[in-house]
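# Architecture at a glance
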Amino acid sequence: MKLEVRNIRKAYGEAVILDDISLSVEGGQSISISGPSGCGKSTLMSIMGLLLQPTSGEVMLDGRDITNLNDSEKSLIRRETFGFVFQSARLVGSSTVLENVLIPAVLSRDKGREKRARELLEQFGLADRMNYYPHQLSFGQTRRVSVARALIMEPKFIFADEPTNDLDAENAAEISDILLSIPKRDGALILTTHDRAFATRAESRYSFVGKGKLTLDK
Ligand SMILES: Nc1ncnc2c1ncn2[C@@H]1O[C@H](COP(=O)(O)OP(=O)(O)OP(=O)(O)O)[C@@H](O)[C@H]1O
Ligand SMILES: [Mg+2]
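The structure reproduced in this document is the subject of the present report. In this numbering scheme, every chain counts its residues from 1 along its sequence in written order. Starting at A for chains and at 1 for ligands, labels are handed out in the order in which the entities are written. The predicted origin of the model limits local features to residues at a pLDDT of at least 70 and limits the giving and counting of side-chain atom pairs to 80 or more, whereas totals for whole chains, interfaces and linings rest on all residues. Excluding hydrogens and water, the side-chain values take into account all heavy atoms of the structure.

## A look at the packing of helix α6 (residues 139–151) against helix α7 (residues 169–180)
Pairs of packed helices are described in terms of their axes, by the angle between the two and the distance that separates them. Only C-alpha atoms enter the line fits that serve as axes; for helices the fit covers just the stretch in contact. Angles between N-to-C directions range over 0 to 180 degrees. Secondary structure follows DSSP: runs of H or I at least 4 residues long count as helices, runs of E at least 2 residues long count as strands, and numbering of each begins at the N terminus. Orientation of α6 relative to α7, taken along the N-to-C sense of each, is 10°, at an axis distance of 10 Å. The orientation of α6 relative to α7 falls into the category roughly parallel. Along its contact with α6, which presents G140, R143, R144 and V147, the element α7 presents N171, E174, I175, I178 and L179. Nonpolar residues are Ala, Val, Leu, Ile, Met, Phe, Trp, Tyr, Cys and Pro. Charged residues are Asp, Glu, Lys and Arg, and all others, Gly as well, are polar. Each residue belonging to the contact of α6 with α7 can be placed in one class, and the counts come to four nonpolar, two polar and three charged. Angle categories: roughly parallel below 35 degrees, roughly antiparallel above 145, roughly perpendicular from 65 to 115, and oblique for all the rest. By definition in these notes, contact holds between two residues if any of their heavy atoms fall within 4.5 Å.

Below you can see the structure in the form of structure tokens.
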């Protein structure tokens, strides 16, 4: 599958945040988006992930213009095709680790995901934490649970907004390895990061330069 943004512009009143941005990403690829705080990385990612409406420009999925779909059509695409790793993990405190990973499956009324949830948690070194509650986890473990939750429905596009920002070096390395292995499993990874080394490991690297302008570094 191919996700593309064309001539995206986002302005809040006089303030232009994104100025004529176009890029595309398809299955098997990873891209990173870097730039200083406040330059528009999360804004661009939110537009690509159908969480925010651009001022103008198009978001295309496999050639279909999905910019102006209604909320329920957009949420269906988000649920079935996209996976999100938020900076703050946003786990549900009253649910176990396993239940948290299965939330997207419950929302999609898909009862056949428990085996995959267990496999992902095992893969991420959480085999003995499945029945823990979020408050019983370390920071790095919490982030790994949120990655497992993002992957549970086998999304074609994973959005990760500064997924390693607040982690120590060891946990950051673990999360970056996990995320960068996603494209090999035929999804695509869209990542924002301040970490140069992490950004460089993505197949294509974009940076914000000047006001609202994005360039392809490699
Ligand atoms: N609702 C809003 N109204 C006005 N301005 C906004 C709004 N949301 C975001 N902005 C502005 O858009 C700009 C880009 O914000 P964004 O969150 O995309 O930055 P970022 O590159 O992700 O920064 P960081 O690295 O700190 O996460 C900021 O200058 C912010 O003030
Ligand atoms: Mg941001």
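## What about the pairing of strand β9 (residues 204–209)?
Within β9, five of the six residues are buried, which leaves the element mostly enclosed by the surrounding structure. When DSSP locates at least two bridges between a pair of strands, those strands are taken to pair. Examined bridge by bridge, strand β3 (residues 30–34) and β9 share four bridges and lie parallel to one another. Considered in β9, the bridge of S32 is made with R205. Taken together, the four bridges between β9 and strand β10 (residues 213–216) define a ladder with antiparallel strand orientation. In the sheet register, V209 faces β10, and the bridge partner there is K213. What sits between the antiparallel neighbours β9 and β10 is a turn of three residues, in which G210 has the positive phi angle 65°. Burial status follows relative accessibility: with a 1.4 Å probe on protein chains alone, a residue under 20% of its type maximum counts as buried, one over 50% as exposed, and anything between as partly exposed.

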